[in-house]
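# Geometric and topological summary
Below are the chains, spelled out letter by letter.
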Amino acid sequence: MKTLLRGGYVVSGKGCRRADVLINGETVEKVGHVLPALAGDAQVVDVGGCYLFPGFIDAHTHFDLDVCNTTTADDFESGSRSAIRGGTTTVIDFACPNKGETLAYGLSLWHKKADGRCYCDYGFHMTIDDWNEDIEKELDDMFAEGITSFKMYLTYPAMMIGDGAVYHALKALRRRGGIAGVHCENAGVIDARIEELKAEGCGADVSSHPIARPDYCEAEAVARLLRIAQAAESPVVIVHTTNKAALGEIAAARRRGQKVYVETCPQYLALDDSVYYDPDYSNAARFVCAPPIRTQEDSEALWKALRRGEVQTISTDHCSFTLEQKDMGREDFTKIPGGLPGVETRGEVIYTAGVAGKRMSLAGMCRALSENPARLYGLFPRKGVLAEGSDADIVVYDPRASHVLRAQDMVSKAGYTPFEGFRTEGSIVKVYLRGMLQVDGGKVVGDKHGVYLKRGKCEL
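Presented here is an overview of the structure given in this document.

Close contact between helix α5 (residues 163-176) and helix α8 (residues 215-232) brings their axes to 9 Å; oriented N to C, the two are set at 50°. With respect to their mutual orientation, α5 and α8 come out oblique. The two elements α5 and α8 cross, and the hand of that crossing is right-handed. Residues Asp 163, Val 166, Tyr 167, Leu 170, Lys 171 and Arg 174 of α5 form the contact with α8, whose participating residues are Arg 224, Leu 225, Ile 228, Ala 229, Ala 231 and Ala 232.

A volume near 1100 Å³ is recorded for the largest pocket. Around the largest pocket sit 46 residues that line it, and Val 67, Cys 68, Tyr 156, Met 159 and Gly 338 are the ones nearest its centre. Looking at the lining of the largest pocket, the elements that each hand over two or more residues are β9 (66-67), α3 (103-114), β13 (149-153), α6 (187-199) and α7 (208-212). Examining the composition of the lining of the largest pocket, we find that 5 residues originate from one element, α6, more than from any other. Split by residue class, the lining of the largest pocket holds 24 nonpolar, 11 polar and 11 charged.

This part takes up the side chain of Thr 88. For Thr 88, the position within the fold is in strand β11 (residues 88-95). By relative accessible area, Thr 88 is classed as buried at 0%. Separated by 2.9 Å, the side chains of Thr 88 and Arg 346 make a polar contact. Ignoring sequence-local partners within four residues, the contact set of Thr 88 consists of Phe 56, Ile 57, Asp 58, Ala 83, Cys 120, Val 343 and Arg 346.

With 4 of 5 residues buried, strand β4 (residues 20-24) lies mostly within the body of the structure. The sheet contact formed by strand β1 (residues 2-6) and β4 spans 4 bridges and is antiparallel. Of the residues in β4, the one forming a bridge with Leu 5 is Val 21. As judged from the 5 bridges shared by β4 and strand β5 (residues 27-32), these two strands associate in the antiparallel manner. Paired with Val 21 across the bridge in β5 is Val 31. Adjacent in sequence and paired antiparallel, β4 and β5 are bridged by 2 residues, among which Gly 25 carries a positive phi angle near 70°.

What counts, and at which threshold
Residues numbered from 1 in each chain as written. Predicted model: local features only at pLDDT ≥ 70, side-chain atom pairs only at ≥ 80, totals over all residues. Heavy atoms only, no water. Axes fitted to C-alpha atoms, helices over the stretch in contact; angles between N-to-C directions. Helix = DSSP H or I, 4+ residues; strand = E, 2+ residues; numbered from the N terminus. Parallel < 35°, antiparallel > 145°, perpendicular 65-115°, else oblique. Left-handed = near helix turned anticlockwise from the far one by under 90°. Contact = heavy atoms within 4.5 Å. 1 Å grid on protein atoms, 1.4 Å probe; cavity = no way out; pocket = protein on both sides within 12 Å on 5 of 7 lines; lining within 4 Å. Points joined across faces, edges and corners; volume = space filled by probe spheres on them. Nonpolar A, V, L, I, M, F, W, Y, C, P; charged D, E, K, R; others polar. Buried < 20%, exposed > 50% of the residue type's maximum accessible area, 1.4 Å probe, protein only. Polar contact = N/O pair within 3.5 Å; in protein donor to acceptor, adjacent residues only side chain to side chain. Pairing = 2+ DSSP bridges.

Structure (structure tokens):
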């Protein structure tokens, strides 16, 4: 069965042009002027005036994750349903074995969580929270399973490993053509500041969260990681980058000739740290994430870096908790589960604040949400582009269909959105996953058709 999307504007990382898209089964057969003989008896869908993006890729989600003595509100079923509604046709989640567990066990567990439950396609990064000879020996098996990217932490005692271990891990990944994304914050200084804040009687104040984790604790860890990567002669990804100081450290490393990829998130682009100073605990606690949301100056620095191509991807770090779960920290801000829902709203927030806000072009949005993550994580050109032979993952964006983001309309089980009351410029009206209509009129109409993706190596 063929489907012809007629009258739209196809967006790529190079620009935007008026073109039709012919879908044949699960792939794109033709982009451009489609002759009647080629279209045959295709179902014709009028998308006049709409932008056609390649399906968005969210390379940073945490579904069904046990953390902070609780479990994220969204599992792979609700999380992927939320994702597809927001135009994300592929997620790359983090498989997280605990210290002492094998990578193989972590991969098996995440397949059990995800297989047969996803509304969008999915892959996994593998978290490295232990480093020894046995873990290194498992890397080849991970690559054979299509896992070519890994995650390491410079903070969180349950997951962090020492600088020497990071060095050895980066070298081992480099030899295999893999890459690591790293959470950069200075754990020791943060812990010391937390102790000071509690001693001052500020342990119940949500506003203590950004004070405990200042921008320079992130920037220092970024600088340290990049020097370790320099020693290992390895490329790295700096995940969820939040601030101007960290961008400065990244720029310095690039001047030295290092290869550094940078990810940021919608909350760091469209919000500012005033959210933590709401006197209502619940209103403030819902924004607790790590690293914290920064200043408006930091937000503008990130937008500038995106325009310059210095930030490659916008993921969400979707790690959702209900407001009841956030209540765990009423007496101690360090017990607030850290994370925000975001996979459902990313496309509309970035289009509105970025494209409509004149901070980003349509091509830039396509690069950050589709093309660059596909290239960075070994999915291009199957994903990330609308071209002959690519998967027919298509987001139909109508710039005329504005609406207001409301928690009551969300698919996510978090029960709230950090963008409550945000008026969008346009909306996502249709989403196709490998040629199957999954979203129509902004509503999820498809089923759990997502498949596991074995990924290749970085090509960005």
